[in-house]
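Listed below, chain by chain, are the residues.
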Amino acid sequence: MTAQILDGKALSERIVDELRQQVDALVASGKRAPALAVILVGDDPASAIYVRNKKRACERADVRSVSHDLPASTSQAELLALIDKLNDDPEVDGILVQMPLPPQIEPETVIERIHPDKDVDGFHPYNIGRLAVRMPTLRSCTPMGVMTLLKSVHSDMRGMNALVVGASNHVGRPMGLELLMAGCTVTTANSQTRNLPVLALQADIVVVAVGRPNLVKGEWIKEGATVADVGINRLPDGRICGDVEYAVAAERAAWITPVPGGVGPMTVASLLQNTLQAYEIHQKA
Ligand code: NAP
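For every chain, the first residue of its written sequence is number 1, and the numbers climb from 1 along that sequence. The predicted nature of this model means local features are confined to residues of pLDDT at least 70 and side-chain atom pairs, given and counted, to a pLDDT of 80 or more, with totals for whole chains, interfaces and linings taken over all residues. The basis for every side-chain value is the complete set of non-hydrogen atoms in the structure, without hydrogens or water.

**Quick notes on the overall build of the protein**
Secondary structure assignment for the protein yields 10 helices and 11 strands. What you see for the protein is a C-alpha radius of gyration of 19 Å, in line with the 19 Å of a compact globule of 285 residues. A burial count over the protein gives 49% of its 285 residues as buried. Only heavy atoms matter for contacts: two residues are in contact if any of them lie within 4.5 Å across the pair. Pairs at least 24 residues apart make up 71% of the contacts formed inside the protein by residues separated by at least 6 positions. By element, 52% of the accessible surface of the protein is carried by carbon and sulfur atoms, the whole surface being about 13,400 Å². For this count, His and the chain ends are skipped, Lys and Arg are scored as positive, and Asp and Glu as negative. Every charge is mapped onto a representative atom, which is NZ of Lys, CZ of Arg, CG of Asp or CD of Glu. Charge separation in the protein, taken as the distance between the mean sites of 28 positive and 33 negative side-chain charges, equals 3 Å. Helical segments are the DSSP runs of H or I of at least four residues, strand segments are the runs of E of at least two, and each set is numbered from the N terminus. Each radius of gyration is computed over the set of C-alpha atoms, and the globule rule expresses the reference value as 2.2 Å times the number of residues to the power 0.38. A simple rule labels every residue: compare its accessible area, found with a 1.4 Å probe on the protein chains alone, to the largest value its type can have, and call it buried under 20%, exposed over 50%, or partly exposed in between. In this description, accessible areas are obtained by the Shrake-Rupley approach with a 1.4 Å probe, and a residue is regarded as covered only by the protein chains that are shown.

Structure (structure tokens):
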């Protein structure tokens, strides 16, 4: 079997186009456009690229983005004070703090300070908790984007075996909760997992979010499985690759995401969907 491509770039462009139509209709009816505050602390080059992509997507969707570029020396108190101000600003719907943060700032403290109704990354424990009890509001962007991709090829995932490789707070854990809510039988692997090849061979859906090139070998993929590769790794020659041994996996899978062009653009599309949802929450409040 040769896999078909799960084209996140194309699907994300369709989603952003639809969002723009919704935003334009709101503005045409006299309402303000949704607004996203984007906070970047320091000058990490990869973070700068992610932030630029998110701001460009806002432009394409006619969502207003407001940049807050802070120096690497910013203290935690200064960042929290800015978040407090944005929490209280009725013109701001979403607050995004680009990770990673400099070492003097604790990411958990920052995430918890963002009002859950403005937590468009879906990282706040309140929003993860709502997902855990099957009452999601603002969902973690990357797992949400993966689910949109998976649903584009599997209208019903009930009863499927899903393996999530990686158990981070932002990706692996909420990913498992999403798949569970879709009716999958979910296994989540972490760095201590002993029998990963065996688990992978039983999985109808494999989502990998570790950050290690070729961690998941192509021969571990069950014939006809669907593979979503979240990993983003920069190789010594500058190329970007995922966590799955792509060429071999693509010979066995039915569907597979490329890296780049798979999960990454879907994460950005989900961020904009969340921003519009946060806007609607604030309009009703
Ligand atoms: P992270 O916080 O470093 O978490 C990595 C996870 O992988 C941990 O849970 C770790 O287990 C697990 N792990 C490590 N080695 C393993 C192994 N041999 N077998 C199974 N699990 C193993 O990383 P993250 O933030 O989740 O990101 C993961 C990757 O996704 C990175 O490449 C990141 O750049 C990428 N990413 C992409 C997007 C996107 O939009 N495409 C978004 C976010 C992240 P323990 O819990 O035991 O330590």
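**Thoughts on helix 2 (residues 45–60)**
Between the first and last residue of a helix there are one fewer steps than residues, each counted as 1.5 Å, and that sum is the expected span. Across its 16 residues, helix 2 extends 23 Å between first and last C-alpha, which sits within 8% of the 22 Å expected from 1.5 Å per residue. Where helix 2 is concerned, the buried positions are Ser47, Val51, Lys54, Lys55, Ala57 and Cys58. The buried residues of helix 2 occupy an angular sector of 155 degrees when projected down its axis, which confines them to one face. Exposed residues lying more than 90 degrees from the buried face of helix 2 are Pro45 and Glu59. Considering only its buried residues, helix 2 is in contact with helix 1 (8–28), strand 2 (35–41), strand 3 (64–70), strand 4 (94–97) and helix 10 (263–284). This arc describes the spread of directions from the helix axis toward the C-beta atoms.

**Things to note about the nonpolar core**
The tendency in soluble globular proteins is for nonpolar side chains to be buried as a group. For our purposes a nonpolar core is just a set of buried Ala, Val, Leu, Ile, Met, Phe, Trp, Tyr and Cys residues, chained together by side-chain atoms within 4.5 Å. Grouped together as the largest cluster of nonpolar side chains are 46 residues, with contacts concentrated most on Leu36, Val146, Met157, Leu179, Ile205 and Val207. Elements with a contribution of two residues or more to this core: helix 1, strand 2, helix 2, helix 6 (141–153), strand 5 (161–165), helix 7 (172–181), strand 7 (205–208) and helix 10. Looking at this core element by element, the count peaks at 9 residues for helix 10. Those residues within four positions of Ile205 in sequence are excluded, and the remaining contacts are Leu150, Met157, Met160, Asn161, Ala162, Leu163, Leu179, Cys184 and Thr226. Within the second largest apolar cluster, 21 residues are counted, among which are Leu163, Val165, Ala189 and Ala249.

**Some remarks on helix 5 (residues 125–132)**
Residues of helix 5 that are buried: Asn127, Ile128 and Leu131. The buried residues of helix 5 all sit within an arc of 100 degrees when viewed along its axis, so they share a single face. In this structure, the buried side of helix 5 is in contact with helix 7. Arg134 lies just past helix 5 and shows a positive phi near 60 degrees.

**As for the environment of Asn161**
Counting through the fold element by element, Asn161 comes out in strand 5. By relative accessible area, which is 31% here, Asn161 ends up partly exposed. For the pair Asn161 and Thr148, spaced 13 residues apart in sequence, the C-alpha to C-alpha distance is 18 Å. Leaving out residues up to four positions away in the same chain, Asn161 has contacts with Thr185, Gln202, Ala203, Asp204 and Ile205.

**Focus: the site of the ligand**
Throughout, the term near means that a residue has one or more heavy atoms lying within 4 Å of the molecule or strand in question. The immediate surroundings of the ligand are formed by 21 residues, with Ala167, Ser168, Ser191, Val230 and Thr267 found nearest. Between the ligand and Asn190, the relevant distance is 3.3 Å, taken from a nitrogen atom to a main-chain nitrogen or oxygen of the residue. The separation between an oxygen atom of the ligand and a polar side-chain atom of Thr267 is 2.7 Å. Here the ligand has 930 Å² of accessible area as a free molecule, and 68% of this is covered by the chains. Polar contacts, as counted here, are pairs of nitrogen or oxygen atoms within 3.5 Å of one another; within protein the pair requires one atom able to donate a hydrogen and one able to accept it, and residues that are adjacent in sequence qualify only if both atoms are side-chain atoms.

**Here we look at the environment of Ala132**
Within the secondary structure, Ala132 sits in helix 5. Residue class for Ala132 comes out partly exposed when judged on its relative accessible area of 44%.

**A short note on the pairing of strand 7**
Each regular strand carries side chains that alternate between the two faces of the sheet. Here strand 7 shows a buried face lined by Ile205 and Val207 and a second buried face lined by Val206 and Val208. Any two strands with at least two DSSP bridges between them are considered paired. Bridging between strand 5 and strand 7 involves 4 bridges; their strand directions are parallel. Considered in strand 7, the bridge of Leu163 is made with Val206. Direction of pairing for strand 7 relative to strand 8 (residues 226–229): parallel, over a ladder of 4 bridges. Across the sheet, Val208 pairs through a bridge with Asp229, a residue of strand 8.

**A short note on the pattern of salt bridges**
The salt bridge criterion pairs a side-chain nitrogen of Lys or Arg with a carboxyl oxygen of Asp or Glu, the two atoms within 4 Å. Per the counting criterion, the structure on display carries 8 salt bridges. A salt bridge links Glu178 to Arg139, with the shortest nitrogen-to-oxygen separation between them at 2.8 Å. In this pair, Glu178 sits in helix 7 while Arg139 sits in the loop between helix 5 and helix 6, placing the two residues 39 residues apart along the sequence. With relative accessibility at 2%, the residue Glu178 sits in the buried group.

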